[in-house]
Amino acid sequence: MRVEHIINFRLNGKYVTVKCPPAYTLLEVLREQLQVTGPKEDCAKGECGACTVIMNGRPVCSCLVIISQANGSEIITSEGLTDDGKPNPVQKAFIDHGAVQCGHCIPGMIVSASALLMRNPKPTSEEIRMALSGNLCRCTGYTKIIAAVEDAAKNWGL
Amino acid sequence: MMRSEIDVLTPKTIDEALRLRRQHENAKIIAGGSDLIVQLRDGVVRTNQLLDISSLKELRFIREDQDRIQIGSLTTYNEIINSPIIRKRAWILAESARQIGAAQLQNTATIGGNLGNASPAADTIPPLYALDTTIITRSVAGRREIPIDQFYLGYRKIALLSDELIEQLYFKPLRPDDAGAYLKLGLRGANAISLVDVAVALRERNVNSFSTARVALGAVAPTVKRSLKCEKILQARPLDREIFREAGSVAAQDATPIDDIRASAEYRRNIVSSLVYQALCIAVFRE
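The structure presented is a predicted model; accordingly, all values stated were derived computationally and were not measured.

Engineer: Looking at this model, I keep getting lost on the overall build of chain B. Mind explaining?
Structural biologist: For chain B, the count of helices and strands is twelve helices and 14 strands. When the backbone C-alpha atoms are referred to their principal axes, chain B occupies close to 60 × 45 × 30 Å. Relative to its 287 residues, chain B shows a buried fraction of 51%. In chain B, of all internal contacts separated by at least 6 residues, the share reaching a separation of at least 24 is 63%.

Here it is as structure tokens:
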């Protein structure tokens, strides 16, 4: 028999309430119930980072969080990083550097990079690589991605 | 069982969690969820009920008390990696946590989950063996203290009773003149399951030797295991590369790996020998 719970959380700054099976993943609820499709499902086991969202200030794989665990939390997806519809410095740097090939991994990359800069606005190149080590790009476009994040760090908080 | 049919129990306190654990013995415990959610999706684990203990803040702590470091079972890898106590006095554990998954996983996955999931390739277990850890389990009836050697009974079999939760673990910290290292070989630098991992801890330094040695091997047997032969060779012997080479080859004899999709048994045995040698050189000579 289908079980449903009422779950409340803040999504990209707005309070949302959903009624859904409590063991569904946060990713499933975001994409299928709330139509927030920035986070992607690729591996569904925490290895690719395409589903990365910021939960209570830290990047997590939304495929490895059940929605019940998101109750009362603060979630930010790539959609929520813009400021009044304007791209944040990471999003802007990805555009400026053309750091996008097929684009599938990019929302996850941008969320991981933004989460890094929120905690550490002046990361070293090594820290950027570490922060993105859980995000795979199958087009292997890492060089431009790292360059974009390094550039974004210069404009972060300005 | 469809995932839409799974109920989730969400206790707010440890006492409530223990009561629910006793009432619902078939419920699967979920902490960080990084193993269990995948197992549920793949149908490897089937249940109609989850007991979600992830919000129990009481089980999220790292404390140094007299000559003991205590870690709550819901402490995340990220908290372990960034803990000054662990970095300074149990650095082999920090080193293993740093190499698990990547940032996303380190923010949710817990040390108690790693212990309870009981994978032979669980990366925090070798350093906890090397540190001679004691695990404290708890039920409504009280607590039990179980040495880590006795906690693992066989492939993914642990001594946890059906009404118990893993509450915390403790071990004696490493002293500045003790030696220790953790090394892992995976297929890439992040998000890689260990082909082999090794933890060594040498304590009670004499002029050119240590009185006690613990060497633990991961991913080469049905459980993480110590190499007792290797430990014996290292005890009270001079700190010498020749002896470390011998220790490596003896450790390989204690490994009983299998062939699987990640590596052959023969390759794993060779890697044990190299990693033990390298770990001892790093631990003692810091190179």
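Engineer: Sorry, what's going on with the sheet that holds strand β12 (residues 196-205) of chain B here?
Structural biologist: Across a sheet, paired strands are connected by hydrogen bonds in the backbone, their directions being either parallel or antiparallel. Residues and elements named next belong to chain B. Strands sit in the order β11-β12-β13-β14 across an open sheet of four strands; the sheet is antiparallel. In the strand order of this sheet, the two ends are held by β11 (179-185) and β14 (225-226), each with one partner. Bridging between β12 and strand β13 (residues 210-218) involves eight bridges; their strand directions are antiparallel. Within the sheet, the bridge partner assigned to A201 lies in β13 and is R214.

Engineer: How should the confidence of the model for chain B be read in this particular structure?
Structural biologist: Of the residues in chain B, 100% have a pLDDT of 70 or more, and the chain-wide mean is 96. Model confidence for the complex: the whole-complex pTM is 0.96, and ipTM, which rates the interface, is 0.96.

Engineer: Sorry, what's going on with helix α2 (residues 89-97) of chain A here?
Structural biologist: Each α-helix turn comprises 3.6 residues. Residues three or four places apart therefore point the same way. Residues and elements named next belong to chain A. Those residues of α2 lying buried are P89, V90, Q91, A93 and F94. Contacts made by the buried residues of α2 are with α3 (106-119) and α5 (142-155). Downstream of α2 by one or two residues, G98 has phi in the positive range, about 60 degrees.

Engineer: How do you make sense of the domain arrangement of chain A when you look at a structure like this?
Structural biologist: Where the parts come together, the accessible area they lose is often given as the size of the interface. All names here are of chain A. What the domain assignment reports for chain A is domain 1 (5-77) and domain 2 (89-155). Computed from C-alpha atoms alone, the centre-to-centre distance between domain 1 and domain 2 is 21 Å. Contacts between the two partners involve 13 residues from domain 1 and, on the opposite side, ten residues from domain 2. Secondary structure elements with two or more residues in the side of domain 1 that touches domain 2: β3 (52-55) and β4 (58-61).

Engineer: Looking at this structure, how should I read the pairing of strand β4 (residues 62-65) of chain B?
Structural biologist: It is a general feature of regular strands that their side chains alternate between the two faces of the sheet. Residue and element names in this part refer to chain B. In this structure, β4 lies alongside strand β5 (residues 68-72), joined through four bridges in antiparallel fashion. Bridge assignment links E64 to a residue of β5, and that residue is I69. Counted between consecutive antiparallel strands, the loop separating β4 from β5 contains two residues, among which Q66 sits at a positive phi close to 50 degrees.

Thresholds applied
- Residues numbered from 1 in each chain as written.
- Chains lettered and ligands numbered in written order.
- Predicted model: local features only at pLDDT ≥ 70, side-chain atom pairs only at ≥ 80, totals over all residues.
- Helix = DSSP H or I, 4+ residues; strand = E, 2+ residues; numbered from the N terminus.
- Buried ≥ 20, exposed ≤ 12 C-beta atoms within 10 Å, placed from the backbone.
- Contact = placed C-beta atoms within 7 Å.
- Pairing = 2+ DSSP bridges.
- pLDDT = per-residue confidence, 0-100.
- Domains from an automatic or database assignment.

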